[in-house]
Amino acid sequence: MPLALLVNPSSAGGKTLRLLPRVEAALDARRTVFRVQRTKGLEHGVEQALLAIEAGELPVVMSGDGLIGAVGGAMAGSETPLGILPGGRGNDLARVLQIPSDPEQAVATLFSGHSRRIDVGEVNGRRFLGIASVGFDSEANRRANETRLLRGSLVYAYAALRTLASWKPARFTIRVDEERIRLSGYTIAVANSKAYGGGMYVAPDAELDDGQFDIVAIGEVGKLRFASNLPKVFKGTHVEAEEIQVFRAQHLELSASKPFAVYADGEHLTDLPASLRVLPRALSVLVPAAA
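Being a predicted model, the structure only gives us computed values, none of them experimental.

Draft legend 1. Broad picture of the pairing of strand β5 (residues 114-123). For β5 and strand β15 (residues 274-287), the ladder comprises nine bridges, and the chain directions are antiparallel. Directly across from Arg117, in β15, lies its bridge partner Ser284. Note: β5 against strand β6 (residues 126-128), three bridges, orientation antiparallel. Across the sheet, Glu122 pairs through a bridge with Arg127, a residue of β6. Where β5 folds back onto β6 in an antiparallel hairpin, the turn is made up of two residues, including Asn124, whose phi is positive at roughly 50°.

Listed below in structure tokens is the structure:
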């Protein structure tokens, strides 16, 4: 199939555009038929991906998790697979799918890899592929998006420390079927994937194709203890702490005592209260053969 290369020119402060010549050269070396479409935003990227499918092209997103999540969500239910070339700051979905960050190796995955079906998350009708979070995490995500001087995991570490300085615990209510779980604390993360924030494994046991969310609830604890546990998130060992609860569900209702935004795939998708559900194995993604 010819490729429709959807490039986010503003991703990672222009990093994607700097990598684009290497991608084009790798595709030319394979005598691949492709076209480059620079996206003007999430909606434009989704529109171009759907037009590409209608034209018999394979959509390949070269961007960070935001555009990948938006396009992947819109492609849910399609038999056409999604190609991913990491080009953002976090690249967490690519990391979990074991798609190489090196442009030439990532291009090779489009041809030598295989198609894998993964779940798609939905919150208030908006779809995502990674992790939807509210509370401390969504506040930190907002600050990270406003930061332009730092890159990679440093952005999220900086944003977390800035958020912690003024943070006050919130009350959350999680409803799964007829059961209600109430807690006071920091964050509720509803995870379709394992990682966010540039390699933070907030839900280390989450699987992309098990038809369930891993829900990680971080309860009330002192700020010093919370800060001391932040480095553990990069290894996923933070879930061993007694103030953290992890459980699974296919759908849930989420509300809080404060009007939090809901962030997923690095983007502000909606606000609380929120209804979330899993669309099991709704999306096909091209991944390395060894993944």
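Draft legend 2. Spatial organisation of the sheet that holds strand β3 (residues 58-63). Read across the open sheet, the four strands follow the order β2-β1-β3-β4; overall the sheet is parallel. On the outer flanks of this sheet lie β2 (34-38) and β4 (83-86), each paired with one strand and no other. Between one strand and the next, the sheet's axes are offset by a mean angle of 20°, whatever the strand orientation. As judged from the five bridges shared by strand β1 (residues 3-7) and β3, these two strands associate in the parallel manner. Looking at the pairing, Leu5 lines up with Val60 of β3.

Draft legend 3. How the structure looks around the environment of Gln48. Mapped onto the secondary structure, Gln48 falls in helix α2 (residues 42-54). According to the relative accessible area criterion, Gln48 is buried, its value standing at 11%. C-alpha of Gln48 to C-alpha of Gln37: the two residues are 11 residues apart in sequence and 7.9 Å apart in space. Other than its neighbours up to four places away in sequence, Gln48 contacts Leu6, Arg35 and Gln37.

Draft legend 4. Expanded view of the packing of helix α1 (residues 15-29) against helix α5 (residues 103-112). The N-to-C vectors of α1 and α5 enclose an angle of 40°; their axes lie 9 Å apart at closest approach. With respect to α5, the element α1 is oriented oblique. Judged by the sense of rotation from one axis to the other, the crossing of α1 with α5 is right-handed. Counted together, Leu19, Arg22, Val23, Ala26 and Leu27 of α1 and Pro103, Glu104, Val107 and Phe111 of α5 form the full contact between these two elements. The residue inventory of the contact of α1 with α5, partitioned by class, reads seven nonpolar, no polar and two charged.

Draft legend 5. The packing of aromatic side chains, seen in detail. Counted according to the given criterion, the structure contains eight aromatic pairs. Aromatic side chains Phe136 and Tyr186 sit 5.9 Å apart centroid to centroid with 70° between the ring planes, which places their arrangement in the edge-to-face category. Residue Phe136 is located in helix α6 (residues 136-146), and its partner Tyr186 is located in strand β9 (residues 179-191); the two are separated by 50 residues in the primary sequence. No difference in accessibility class separates Phe136 from Tyr186, as the two residues are buried. Three or more aromatic residues joined by ring pairs make a cluster, and in this case those are Phe136, Trp167, Phe172, Tyr186, Phe226 and Phe260. Between Lys258 and the ring centre of Trp167, over which it is positioned, the NZ or CZ distance is 5.3 Å.

Draft legend 6. Focus on α2. For α2, spanning 13 residues, the distance from its first C-alpha to its last is 19 Å, which sits close to the expected 18 Å at 1.5 Å a residue. Every buried residue of α2 is accounted for by His44, Gly45, Val46, Gln48, Ala49 and Ala52. Against the buried residues of α2 lie β1, β2, β3 and α3 (65-74). Where α2 ends, the next residue or the one after it, Gly56, has phi of about 80°, a positive value.

Criteria and thresholds
Residues numbered from 1 in each chain as written. Predicted model: local features only at pLDDT ≥ 70, side-chain atom pairs only at ≥ 80, totals over all residues. Heavy atoms only, no water. Pairing = 2+ DSSP bridges. Helix = DSSP H or I, 4+ residues; strand = E, 2+ residues; numbered from the N terminus. Axes fitted to C-alpha atoms, helices over the stretch in contact; angles between N-to-C directions. Buried < 20%, exposed > 50% of the residue type's maximum accessible area, 1.4 Å probe, protein only. Contact = heavy atoms within 4.5 Å. Parallel < 35°, antiparallel > 145°, perpendicular 65-115°, else oblique. Left-handed = near helix turned anticlockwise from the far one by under 90°. Nonpolar A, V, L, I, M, F, W, Y, C, P; charged D, E, K, R; others polar. Phe/Tyr/Trp six-rings, centres within 6.5 Å; stacked < 30°, edge-to-face > 60°. Lys NZ or Arg CZ within 6 Å of the ring centre and 35° of its normal. Expected span 1.5 Å × (residues − 1).

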